[in-house]
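One-letter residues, chain by chain:
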Amino acid sequence: MQTFSIRCVLLVAAAVAIGGCGFHLRQQAQLPAALARVHVALSDPFGPLARDLPAALKRSGATVEEQGGAGIAELRVPVASFNIDTLSVGATARVREYAIRYHVEFEAIDGDGKPVLDKQVIELSRDDSFDETQALGIAAQEEEFKKDLERDMVAAMLRRLEAAGRAR
């Protein structure tokens, strides 16, 4: 019985300490009111952003419209591209290190055609080394890096949109 009460006291103390230090879980992005109804215009309607970005906007409270129109904001993404760059080459002229870069340009326009967020450029990258003994796993590892970059890019875009809403 005494160990139970000690555990309860420690649990309550830990909860108070965590709450008192200002820790809290990250919430969904608070989008500007101008983006309550938004159409997402992507340069590649079948690319990875076409699935993840509208879903993230919905989780943040926006209604994603299939078509643009009067009173509907527009999130334009004219550029979204992956590039693989060689960072170093070994003595046998084989790639030793490479970088996967994800470059996205976007802007947000409200339903009246006024800019909510001027053109933004975000570039994320992941560096990795090539291990010849693990050649079979390279393609899967590269896909995993691309998925990670995609998730990070969507989060970065939403943070920029949220910051634009606070600045207005």
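Residues numbered from 1 in each chain as written. Predicted model: local features only at pLDDT ≥ 70, side-chain atom pairs only at ≥ 80, totals over all residues. Heavy atoms only, no water.

## Some details on the overall build of the chain
For the chain, the helix and strand inventory stands at three helices and five strands. For the chain, the sequential pattern of α-helices and β-strands runs α-β-α-β-β-β-β-α. Scored against the burial criterion, the 168 residues of the chain give a buried share of 30%. Sequence-distant contacts in the chain: of pairs separated by 6 or more residues, those separated by 24 or more amount to 67%. Split by element, the accessible area of the chain, about 10,800 Å² in all, is 54% carbon and sulfur. (Helix = DSSP H or I, 4+ residues; strand = E, 2+ residues; numbered from the N terminus. Buried < 20%, exposed > 50% of the residue type's maximum accessible area, 1.4 Å probe, protein only. Contact = heavy atoms within 4.5 Å. Areas by Shrake-Rupley, 256 points an atom, 1.4 Å probe, with all protein chains shown as cover.)

## Structural notes on the packing of aromatic side chains
Counting across every chain of the model gives one aromatic pair. On the numbers, 4.0 Å between centres and 5° between planes, the contact of phenylalanine 82 with tyrosine 102 is stacked. One end of the pair, phenylalanine 82, is in strand β3 (residues 73-89); the other, tyrosine 102, is in strand β4 (residues 95-109), with 20 residues separating them in the sequence. The class for phenylalanine 82 is partly exposed, based on a relative accessible area of 25%. In this structure, lysine 146 packs its charged tip against the face of phenylalanine 82, placed 5.4 Å from the ring centre. (Phe/Tyr/Trp six-rings, centres within 6.5 Å; stacked < 30°, edge-to-face > 60°. Lys NZ or Arg CZ within 6 Å of the ring centre and 35° of its normal.)

## Quick word on the pattern of salt bridges
In this structure the tally under the stated criterion is eight salt bridges. Between arginine 37 and glutamate 65 there is a salt bridge, with its nearest N and O atoms 3.1 Å apart. Here arginine 37 is found in strand β1 (residues 37-42), whereas its partner glutamate 65 is found in strand β2 (residues 63-65), with 28 residues between them in sequence. For glutamate 65, a relative accessible area of 21% gives the class partly exposed. A salt bridge links aspartate 52 to arginine 51, with the nearest nitrogen and oxygen atoms 3.1 Å apart. (Salt bridge = Lys/Arg side-chain N within 4 Å of Asp/Glu carboxyl O.)

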